Amino acid sequence: MKPRAADDYAQVDEIAWQPFPEALSAGGIRWKLLHVSPEMGAWTAMFDCPRGSSFARHIHIGPGEYLLTKGKMEVRGGKDKGGATALAPGYGYEACNARHDKTYFPIASEFYMTFLGPLHFIEEDGATRAVVGWDQARALWETQTAAAKKTGKKKK
Ligand code: ZN
């Protein structure tokens, strides 16, 4: 039997923001990957979202929980269109298979989120654009942070 999974800790303010891919977002969103859990298929990240930024259309294959720590986030079209408008400090739960056509930030915002399962980014007709689970998130993060490590800016 494999051993117990390891504990983990991240000093969030010492981790540099990385750009979140423009194929999956607009307006300069940045992220920090804090944890991945292969056992759970879960991944946890923070996102820094400038005024007017948004995430591309996606479906949450598994549920997700978020804590909006700063700003305002319009989910599923926002409150006026039957969705949710989160105001910091705000907590939200997005159910399995929640479809988010445009998650929009009308003011500078920041949130923490744990995804239980991948995000399925789709085109308007439902065709797959990208699937981002813990493995893809970790691969992206390692690519983005490898450059910083090479320059000798190791943090321990
Ligand atoms: Zn979403």
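Higher on the page you've got the structure.
Cut-off values and rules
Chains are numbered independently. Their residues run from 1 in the order of the written sequence. For this predicted model, a pLDDT threshold of at least 70 governs which residues receive local features, and a threshold of 80 or more governs which side-chain atom pairs are given and counted, while totals over whole chains, interfaces and linings are taken from all residues. With hydrogens and water excluded, all non-hydrogen atoms of the structure serve as input to the side-chain values. Elements are defined by DSSP. Helices are runs of H or I of four residues or more, strands are runs of E of two residues or more, and each kind is numbered from the N terminus. Here, two residues are considered to be in contact whenever any of their heavy atoms come within 4.5 Å of each other. Points on a 1 Å grid over protein atoms alone make up a cavity when a 1.4 Å probe fits among them but cannot get out, and a pocket when they form an open set with protein on both sides within 12 Å along at least five of seven lines; lining residues each have an atom within 4 Å of a point. Grid points are joined across faces, edges and corners, and a volume is the space filled by probe spheres set on the points. Each residue receives one of three labels: charged for Asp, Glu, Lys and Arg, nonpolar for Ala, Val, Leu, Ile, Met, Phe, Trp, Tyr, Cys and Pro, and polar for the others, Gly being one of them. Ligating atoms shown are N, O and S within 2.8 Å of the metal, or 3.2 Å for Na, K and Ca, and water is not included, meaning a site may look less than complete. For the exposure calls, accessible area comes from a 1.4 Å probe over protein chains only, and a residue counts as buried if that area is under 20% of its type's maximum, exposed if over 50%, partly exposed in between. Aromatic rings from Phe, Tyr and Trp, taking only the six-membered ring of Trp, are treated as a pair when their centres fall within 6.5 Å; an angle between ring planes under 30 degrees marks them as stacked, one over 60 as edge-to-face, and anything in between as tilted.

Undergrad: Which parts of the structure should I look at to understand the environment of Gly90?
TA: Position of Gly90 relative to the elements: it lies in strand 10 (residues 90–94). Not counting residues up to four positions away in its chain, the partners in contact with Gly90 are Tyr66, Leu67 and Leu68.

Undergrad: Any chance you could explain empty space enclosed by the protein here in plain terms?
TA: With a probe scaled to a water molecule rolled over the atoms, the places where space remains empty come into view. Applying the stated criterion across every chain yields a total of one cavity of 30 Å³ or more. Size it by volume and the largest cavity reaches roughly 140 Å³. In terms of lining residues, the largest cavity is bounded by 16 residues, among which Phe55, His58, His60, Phe111 and Met113 are the most central. Taken together, the elements giving at least two residues each to the lining of the largest cavity come down to strand 6 (58–60), strand 8 (72–75), strand 13 (109–116) and strand 14 (119–122). No other element matches strand 13, which puts three residues into the lining of the largest cavity. Residues belonging to the lining of the largest cavity are distributed by class as follows: 11 nonpolar, four polar and one charged.

Undergrad: Could you clarify how one ought to interpret the coordination of the zinc ion in this entry?
TA: Tetrahedral coordination by four donors places them ideally at 109.5 degrees to one another around the metal; octahedral coordination by six donors ideally gives 90 or 180 degrees. Taken together, His58 (NE2), His60 (NE2) and His100 (ND1) make up the full set of protein donors to the zinc ion, lying 2.0 to 2.1 Å away. Mapping the donors of the zinc ion onto the primary sequence yields the spacing H-x1-H-x39-H. Within this pair, whereas His60 is found in strand 6, its partner His100 is found in strand 11 (residues 99–100), the two being separated by 40 residues in sequence. Across the pair, His100 and His60 agree in class, each one buried.

Undergrad: Got a minute to help me understand the packing of aromatic side chains in this structure?
TA: Aromatic ring pairs are reported here in terms of the distance separating the ring centres and the angle at which the planes meet. The tally for this structure, following the rule as stated, stands at 12 aromatic pairs. Centroid distance Phe47 to Phe111: 5.0 Å. Interplanar angle 20°. Geometry classified as stacked. In this pair, Phe47 is assigned in strand 4 (residues 42–49) and Phe111 in strand 13, connecting sequence segments 64 residues apart. Among the residues examined, Phe47 registers a relative accessible area of 2% and is labelled buried. The exposure class of Phe111 is buried, given its relative accessible area of 3%.

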